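Residues per chain, in single letters:
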Amino acid sequence: MDEKLAAMGKHKDQIDANNAALNRTNMLLIEKMTKTDEQMDEAAAHARIIRINARNVGGDIIRYRQSLAETDDFLGKIENRGFAFLALAREFVEEKD
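Residues numbered from 1 in each chain as written. Predicted model: local features only at pLDDT ≥ 70, side-chain atom pairs only at ≥ 80, totals over all residues. Heavy atoms only, no water.

**Student:** Looking at this structure, how should I read the overall build of the protein chain?
**Tutor:** A count of helical and extended segments in the protein chain gives one helix and zero strands. Split into buried and exposed, the 97 residues of the protein chain put 1% on the buried side. Summed over all atoms, the accessible surface of the protein chain reaches about 9,400 Å², with 60% contributed by carbon and sulfur. (Helix = DSSP H or I, 4+ residues; strand = E, 2+ residues; numbered from the N terminus. Buried < 20%, exposed > 50% of the residue type's maximum accessible area, 1.4 Å probe, protein only. Areas by Shrake-Rupley, 256 points an atom, 1.4 Å probe, with all protein chains shown as cover.)

Below, the structure written as structure tokens:
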């Protein structure tokens, strides 16, 4: 009987040691999970900022392209009317002389 009690005591001590080790491991894992969660929150905040900046850049690109199209339009109109304008300008210069 004493041997069985001693064996049970050893088993209990081993179980207690295993539980303590598991508790330490669980605490470390919880700390790591907390840090990972914080990093994920920070990454999400950065992603939101990047998305906002990307939308702003996209809007700038659209405005730039519209400006280029308007400039091309304007230059096209000037080129088409340029020869008529040159003739008027020559007449104006000749009249001055």
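**Student:** For this particular structure, what's the right way to read a nonpolar patch on the surface?
**Tutor:** On the surface, M1, L5 and M8 cluster together to form a nonpolar patch covering roughly 400 Å² of accessible area. By secondary structure assignment, the location of L5 is in helix α1 (residues 2-96). By relative accessible area, which is 52% here, L5 ends up exposed. (Patch = residues over 30% accessible without salt bridge, like charges linked within 9 Å, V, L, I, M, F, W, Y side chains within 5 Å. Salt bridge = Lys/Arg side-chain N within 4 Å of Asp/Glu carboxyl O.)

**Student:** Teacher, can you tell me more about the pattern of salt bridges here?
**Tutor:** A side chain of one charge can pair with a side chain of the opposite charge if their charged atoms are brought near each other. A complete count under the given rule lists two salt bridges for this structure. For the salt bridge of D16 with K12, the shortest nitrogen-to-oxygen distance reads 3.1 Å. In this pair, D16 and K12 both sit in helix α1, four residues apart, roughly one turn of the helix. Residue class for D16 comes out partly exposed when judged on its relative accessible area of 39%. Here D60 and R63 are joined by a salt bridge, their closest N and O atoms 2.4 Å apart. One end of the pair is D60 and the other is R63, both in helix α1 and three residues apart, which spans about a single turn.

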